[in-house]
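# What the coordinates show
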Amino acid sequence: MRIGLINAYSTLNLGDAAIYSAFRKLLPDVELVGCVQDESPDLTLGVNFLPDRPRNCDAYVSVGGDIFNNSREWFVTKAFLKNLAELRHSPKRTILFGQSIPRSCHGLSFLLLQRYFKRLAAVCVRDAESHKRLCAAGVKSRLSYDIAFVLEGSPLAAAMARQCLERLAIDPSKAAVLSVRGFDSMYGHDNEAFVARIAQLCVELIAAGLRPIVLIQSGAYGSDNDLEVAAAIQERVPGTAILNPFVDDHMVPSWQLAMALFALVDLVIAVRFHTAVLALAAGRVPYHLHYSNKGRDLCRRLDLPGCDLASLEPASVMPAILATRGRLFDHQPVRAQVCRDFQWCLDQLPGEA
């Protein structure tokens, strides 16, 4: 059986890489094919990446996270229409799983989206706001969590994570890993203000006896590349380390190295959504500085510590951040629900698929 992963983006974002690997885990006996814009996709993810978008498949799964962003508020962008067009190819044999509907998708773009969603075999989203919007629009949908919750670490990744910290001369019991990102028209935050706040947060972490490590969660394209933001923070706070999981040879997937790191260190602070998801999947409670509905929903439904990034005041949140040190999370119930929900979506496909 051949299943196409449509609307795939890049393996240079470890959140997206984790999503592709999660589908590989839940579909162990099928040929998985996809298409990303990377020159050299990560082949450790278990997906056969083709030069063109998948066709002639038995079924299709729409993957990714906020792919239905529509950055021009009162118009419909070409990128949005391109992603939407993938849903038109074979809707009765297409399911959508684990995505969010960003607030930037409204008006005409949301009208088009819900029209095509109604034709799909199954729709399952990962946050309550998206679910509520779709149900109100008459789209039959299911609410679950991000598919990356099904992932697990490996002994090799754990050993590599220890080696990374040894190279940085950082004691895991004194390490605080945090993720960052650049912001553009998709998410309404000021980059300069963000860098200033995170730099001050690093100062507070150092004052508490911890060593901040900025994890490069994405080395992809445009604002979805964390290197420039990380460098700006390190320039302001030289005691901050940077760990880039994309620079070494691919002995393990980038997401697996990140999970091992989260399980190893004393503290995890998640700006990016999949830092929170993968930390939780590794059995650790992060402090989540969320910037969109997917992050707020994760905190609300799982009762996680966190705050809106726009209201971050580093000194005032430090007690709550430090309270998460070494705190464990039981990921089994969430993992089991994701597996059940994905199987339900598969069951909605026509018999020949």
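The structure under discussion appears in the preceding block.
Quick caveat, the model's predicted, so the values are computed rather than measured.

Another point: the sheet that holds strand β1 (residues 2-6). The seven strands are arranged β3-β2-β1-β4-β5-β6-β7 in an open sheet whose pairing can be described as parallel. At either margin of the open sheet sits one strand with a lone partner, and together these are β3 (48-49) and β7 (142-143). Of the pairings in the sheet, the one linking β1 to strand β2 (residues 31-34) comprises four bridges and is parallel in character. Bridge assignment links Gly4 to a residue of β2, and that residue is Val33.

Attention now goes to the pattern of salt bridges. Pairs may arise between side chains of opposite charge once their charged atoms sit close together. Applying the stated criterion across every chain yields a total of 13 salt bridges. Residues joined in a network through salt bridges with shared partners are Lys25, Glu152 and Arg335.

So, on to a positive patch on the surface. Residues Arg88, Arg115, Lys118 and Arg119 make up a contiguous surface patch of positive charge. Here Arg119 is to be found in the loop between α3 (108-117) and β6 (122-125).

Now for the sheet that holds strand β8 (residues 175-179). Strands sit in the order β10-β9-β8-β11-β12-β13 across an open sheet of six strands; the sheet is parallel. Among the strands making up the open sheet, the edge pair consists of β10 (241-243) and β13 (306-308). When the angles between neighbouring strand axes are averaged without regard to direction, this sheet yields 20°. In this structure, strand β9 (residues 211-215) lies alongside β10, joined through three bridges in parallel fashion. Note that in β10 the partner of Leu215 across the bridge is Leu243.

Conventions used here
Residues numbered from 1 in each chain as written. Predicted model: local features only at pLDDT ≥ 70, side-chain atom pairs only at ≥ 80, totals over all residues. Heavy atoms only, no water. Pairing = 2+ DSSP bridges. Helix = DSSP H or I, 4+ residues; strand = E, 2+ residues; numbered from the N terminus. Salt bridge = Lys/Arg side-chain N within 4 Å of Asp/Glu carboxyl O. Patch = residues over 30% accessible without salt bridge, like charges linked within 9 Å, V, L, I, M, F, W, Y side chains within 5 Å. Areas by Shrake-Rupley, 256 points an atom, 1.4 Å probe, with all protein chains shown as cover. Lys, Arg positive; Asp, Glu negative; His and termini not counted. Charge placed at Lys NZ, Arg CZ, Asp CG, Glu CD. Axes fitted to C-alpha atoms, helices over the stretch in contact; angles between N-to-C directions.

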